[in-house]
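Structure assessment
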Amino acid sequence: MWRWVRQQLGFDPPHQSDTRTIYIANRFPQNGLYTPQKFIDNRIISSKYTVWNFVPKNLFEQFRRVANFYFLIIFLVQLMIDTPTSPITSGLPLFFVITVTAIKQGYEDWLRHNSDNEVNGAPVYVVRSGGLVKTRSKNIRVGDIVRIAKDEIFPADLVLLSSDRLDGSCHVTTASLDGETNLKTHVAVPETAVLQTVASLDTLVAVIECQQPEADLYRFMGRMIITQQMEEIVRPLGPESLLLRGARLKNTKEIFGVAIYTGMETKMALNYKSKSQKRSAVEKSMNTFLIIYLIILISEAIISTILKYTWQAEEKWDEPWYNQKTEHQRNSSKILRFISDFLAFLVLYNFIIPISLYVTVEMQKFLGSFFIGWDLDLYHEESDQKAQVNTSDLNEELGQVEYVFTDKTGTLTENEMQFRECSINGIKYQEINGRLVSEGPTPDSSDGNLSYLNSLSHLNNLSHLTTSSSFRTSPENETELIKEHDLFFKAVSLCHTVQISNVQTDGIGDGPWQSNLAPSQLEYYASSPDEKALVEAAARIGIVFIGNSEETMEVKTLGKLERYKLLHILEFDSDRRRMSVIVQAPSGEKFLFAKGAESSILPNCVGGEIEKTRIHVDEFALKGLRTLCMAYKQLTSKEYEEIDRRLFEARTALQQREEKLADVFQFIEKNLILLGATAVEDRLQDRVRETIEGLRMAGIKVWVLTGDKHETAVSVSLSCGHFHRTMNILELINQKSDSQCAEQLRQLARRIKEDHVIQHGLVVDGTSLSLALREHEKLFMEVCRNCSAVLCCRMAPLQKAKVIRLIKISPEKPITLAVGDGANDVSMIQEAHVGIGIMGKEGRQAARNSDYAIARFKFLSKLLFVHGHFYYIRIATLVQYFFYKNVCFITPQFLYQFYCLFSQQTLYDSVYLTLYNICFTSLPILIYSLLEQHIDPHVLQSKPTLYRDISKNRQLSIKTFLYWTILGFSHAFIFFFGSYFLIGKDISLLGNGQLLKPNHQMMFGNWTFGTLVFTVMVITVTVKMALETHFWTWINHLVTWGSIIFYFVFSLFYGGILWPFLGSQNMYFVFIQLLSSGSAWFAIILMVVTCLLLDIVKKVFERQLHPTNTEKAQMYSNTVALSDEFIALQPLSRARNQLSKLRWKKIRVQSAQHMNLLKASTEGRTVGTC
């Protein structure tokens, strides 16, 4: 019974088998022994709440917050015991906070419900009872045959059965899943590909056995058992047969597929997993401050309780004539009375914990995040992409970054590949002005300047490639040289997964070099930019890939069409780092063509110019080019039969399929003949060097984590400024054992200590890194911390995340930021404190899984130096100011207890207690936290060293926290004792509550006294906020002075009218009476000036005697603003005013120059910067 209950609650899910069995069209066996598996329906649920669980679930989530739970306890205490303040004083702010948050979360969930309903209600066509039935997406069941038309989105995960093409293939785009816009080809098994009508599909009797749902988009294992004429035919199913929910059908009229995963079990839904919650350093500091203030609160309550009983030890104060005890009070337990009094004091002082702080911080983060998207300086016009904020919880963390980890390809570079050079059979060629030129002497050209154009033209008169022994070795004459070239570019044109759109082949490849025709008439799509660049290069050579037709690949060689039968594709994976295809040539011969990294191809080669090619590959890498090696082997009929059998067995296996396939691939891809290598260039993005240099000046260490080979990565690091020529480059590469790695690390550590070089750079490869992280983490980290720049090459995605994790948990606990653009960067983006996705050409997975997304690496400088700086200063001031103003608020209440015998009499009216944080002092700090710019943005971006002033959470250090706290206590003492001594003898101020002053025989109203303290406090904390503001707008003026005016107007109405709905009105006519006294006005002005004068004097002396870099920059910006060089950097309105002050002579001399500068530098401004 207990197990059943746990299963129903989801804590102990029922056992599931490793596979699921799906009967196509739900034709179950009729023998009565089969029990069908239960599958969920096709509804997508992205919402968190329902109508029934919204209130309890939302309240539970909100009260998990410490502050909310604390105020709930205070509210309950006020309801249960006799406390000095009304429960409304705690209940109303708590209700306000809970309600605002619930409305916000409820609205967001309502939008999710609408989105779900739209998706679940989409019309689809399903094959049932021999015909097409129109239904809703949510009604699709596992086993249903679904028809999808061109440009429609797949409503569930389907196994492709047939399409309008004879070969059963179709094209899809998965942009909404992984961001890749290239066309992907999916194929049906031959037995179902011929079933292209509803009637023929109705006769299909088949069963699919496949794995249970999993989130991996690129992994699927299954098999289809088809019953035809009493025989069972088994066909393997892989990712090429699976059409994922969310993908879109392209270039295909219609397809039929059977639903195998539905609803929340589709791969798209399984990838909805929420990212781990990241918390900023400011939030952690805020929680620490809350604990400190909670200790202060408890201390004040304990002190007050003890002093109360100490005072009451004297009989005359234990039961004075005006406050007689009841019989119940006299007979009650002293311990219970002590606890009750402690709780009462806790309630009295509870406002020292600012409940509205959380709401204000959330509003500041949410509204402030829009400024990043609105910043036109972060807008990339070419791609029409603006910066995106995926989470607003980390805005201030952008100002605290100490380490930047960046990918190379697509992040530092453009990821636009251009074919530059190649090595064919040991001879290096370079593309110059559209011609392929050999750099070394060829067998028939001693001058080494033979153009490949001239030699390739003879191919028109040559027969097809041969397999003689001379073909496999260095060519001895021009004919053999041409054959090697032909085979090399045939391999390039056939070994890939490129797709073609708008194929128009007439006239292509008719000449030896048709560079002006191929790009204009053929449009290639590829998941890898390298593949696209290589196929386009082969097309320019004259060997043009035309496309796939049924099971063939068509290639035009100098106008001659050749069809190769595609037998098998050995897909690329990150472990093998290569891919292969097995094709049958028109002559009937079978070939294996392989392409991959030199580290995965060369060890498997037994023939060809291996050593020469290795040297050429290293030379290419030193130039910063990306390299791939090409190899082949001819297969005999017996070899192919063995390969075909092994591949079939591995691909139809349901258990350990991946391991079996890896073994088969290794068996096939050996004893290769090396053809050569290719080199493509990926140029740097604009202003990468300046951005990296700025990060270094800001005190940020930059690490480059890339999968490229060592030489390529080092060359790019030097070209982009990550490494510079004067830096001492240390290497930890090619380590084979733990002991060797440890010894090398110790040598590097000694070199760093002995070398008197200012900066060191470290290069680590993936293999050595694995050894270093296994048992030598501390030694490795010691070396890394002493290096200004670190380059990690040959990195796997999980290794990237592990490196960042290692830095995060180091003793210094630095703030890390990761930048990447591809799916392989997602792990490190999610691991870092702040993840930045580049919206590049490798899809949108990185951008979707990041915290912020930008179009170019150069935008990182403004994101950190300007937005990060502003966000941190704003929220740090917000947090400190909130605690300051609440200390000012509650400390007079604590001091007042010394003058009322600790009777728990409140100093302020309950309405003032409630509205202080909600209305009277909330708007000025909120607007400050949204609009403040303490330094001109252009100065921040041009002086990255200013970023150091806010690093390591300095604005929320204990020293700064103590300053604001002490300032709050000192101001509170001035409020209380200033009011007490300045107004105590004013006989014109008589309130309805009377306080007998010691040593004075006159009366002074306690409500009048409390209102005076409250008035001085509201004015002081508001003007204090004004003193902290550097960037004034009309909004700042409105909320700052408007808050003070609102307080006076509200108090006049509240105390000047007898409100019928109020049971008692202690404040009636008190505020009007207070303002009618001249001495009260004098006291208010004197106390406000006294409080703020000390703060002003301190700021002036510190700025003059010990100015920080930020304060120097503020003074610099004010001084330099008068020069015309700085005018071009100013907002337009300020520039016009300063231009009018300059001499006309100077303007006339340099008018053209400065007007151009003014125009260039003011383009792309937002309303906020102008």
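Residues numbered from 1 in each chain as written. Predicted model: local features only at pLDDT ≥ 70, side-chain atom pairs only at ≥ 80, totals over all residues. Heavy atoms only, no water.

Examining a nonpolar patch on the surface
So the rule is basically this: Candidates for patches are residues over 30% relative accessible area with no salt bridge; among them, like charges are joined within 9 Å and nonpolar side chains (Val, Leu, Ile, Met, Phe, Trp, Tyr) within 5 Å. Here the open area of atoms and residues is found with the Shrake-Rupley method and a 1.4 Å probe, where only the protein chains shown may cover a residue. Definition used for salt bridges: Asp or Glu carboxyl oxygen within 4 Å of a side-chain nitrogen of Lys or Arg. Counting from the N terminus, the helices are the DSSP runs of H or I reaching at least four residues and the strands are the DSSP runs of E reaching at least two.
A surface patch of nonpolar side chains, about 690 Å² in accessible area, is lined by Leu 294, Ile 298, Ile 302, Ile 306, Ile 335, Leu 336, Phe 338 and Ile 339. Put simply, the parts of the chain that give the nonpolar patch at least two residues each are α9 (281-311) and α12 (334-348). As for its position among the elements, Ile 335 is in helix α12.

Comments concerning the environment of Thr 89
What counts is decided by this rule: When a residue's accessible area, from a 1.4 Å probe over protein chains only, is under 20% of the maximum for its type it is buried; when over 50% it is exposed; and in between it is partly exposed. Note on contacts: a residue pair qualifies if any of its non-hydrogen atoms lie within 4.5 Å across the two residues.
Tracing the backbone shows Thr 89 in helix α4 (residues 87-120). A relative accessible area of 0% places Thr 89 in the buried class. Sequence separation of Thr 89 and Leu 915 is 826 residues, and the distance between their C-alpha atoms is 8.7 Å. Each residue touching Thr 89, except ones within four places of it in the same chain, is listed here: Gln 78, Phe 351, Ser 910, Leu 913 and Thr 914.

Details of the packing of aromatic side chains
Put simply, the rule is: Each aromatic pair joins two rings of Phe, Tyr and Trp (for Trp, the six-membered one) with centres within 6.5 Å, and gets the label stacked for planes under 30 degrees apart, edge-to-face for over 60, and tilted for any other angle. Comment: the charge-over-ring label is applied if NZ (Lys) or CZ (Arg) is within 6 Å of the ring centre and within 35 degrees of the ring normal.
Enumeration according to the criterion identifies 60 aromatic pairs in this entry. Each ring, one from Tyr 309 and one from Phe 338, has its centre 5.8 Å from the other, and the planes form 35 degrees; the classification is tilted. In this pair, Tyr 309 is assigned in helix α9 and Phe 338 in helix α12, connecting sequence segments 29 residues apart. For Tyr 309, a relative accessible area of 26% puts it in the partly exposed group. Plain terms: the ring middles of Phe 1014 and Tyr 1047 are 5.7 Å apart, the flat faces sit at 45 degrees to each other, and that makes the pair tilted. One end of the pair, Phe 1014, is in helix α37 (residues 1006-1028); the other, Tyr 1047, is in helix α38 (residues 1034-1056), and 33 residues separate them in sequence. Both residues of the pair, Phe 1014 and Tyr 1047, count as buried. Taking NZ or CZ as reference, Arg 147 lies 5.0 Å from the ring centre of Tyr 125, over its face.

Description of the packing of helix α2 (residues 54-62) against α4
The test is simple: Every angle, taken between N-to-C directions, lies between 0 and 180 degrees, and every axis is a line fitted to C-alpha atoms, over only the stretch in contact when it is a helix. Between 65 and 115 degrees an angle is taken as roughly perpendicular, under 35 as roughly parallel, over 145 as roughly antiparallel, and anywhere else as oblique. Working rule for handedness: look at the near helix, and if it is turned counterclockwise from the far one by less than a right angle, call the crossing left-handed; if clockwise, right-handed.
α4 packs onto α2 with a crossing angle of 120 degrees between their chain directions and a minimal axis gap of 11 Å. As judged from the angle between their axes, α2 and α4 are oblique. Where α2 crosses over α4, the handedness of that crossing is right-handed. Across the interface between the two elements, Phe 54, Asn 58, Leu 59, Glu 61 and Gln 62 of α2 pack against Val 97, Ile 98, Thr 101, Ala 102, Gln 105 and Gly 106 of α4.

Brief notes about the pattern of salt bridges
Enumeration according to the criterion identifies 40 salt bridges in this entry. Between Glu 396 and Lys 365 there is a salt bridge whose closest N-O contact spans 3.2 Å. A residue pair is termed long-range when its members are at least 10 positions apart, and Glu 396 in the loop between β14 (388-389) and β15 (403-406) and Lys 365 in helix α13 (residues 356-368) qualify at 31 residues. Taken individually, Glu 396 and Lys 365 each receive the classification buried, so the pair is uniform in this respect.

Some points on the pairing of strand β31 (residues 760-765)
For clarity, the threshold we go by: Between any two strands, at least two bridges found by DSSP are needed for them to pair.
For β31, the buried fraction is high: six of the six residues fall into the buried class. Covered by surrounding structure in β31 are His 760, Leu 762 and Val 764 together with Gly 761, Val 763 and Asp 765, the residues of both alternating faces. Here strand β30 (residues 728-732) runs beside β31; their pairing, made up of five bridges, is parallel. By the bridge assignment, Asn 728 is partnered in β31 with His 760. Both β31 and strand β32 (residues 789-793) contribute to a ladder of five bridges, which runs parallel. Note that in β32 the partner of Val 763 across the bridge is Leu 791.

Here's the deal with helix α27 (residues 766-775)
Residue pairs spaced three or four apart in an α-helix point in one direction, given the helix's 3.6 residues per turn. By the burial criterion, the buried members of α27 are Gly 766, Ser 768, Leu 769, Leu 771, Ala 772 and Leu 773. Looking at the buried positions of α27, the neighbouring elements they touch are β30, α26 (738-754), β31, α28 (777-785), β32 and α29 (797-808).

Remarks on the sheet that holds strand β5 (residues 157-163)
The six strands lie next to each other as β3-β2-β4-β13-β5-β11, forming an open sheet whose pairing is antiparallel. Lying at the two open borders of the sheet, with one neighbouring strand each, are β3 (131-136) and β11 (242-243). Pairing between β5 and strand β13 (residues 254-261): six bridges, direction antiparallel. Paired with Leu 158 across the bridge in β13 is Ala 259.

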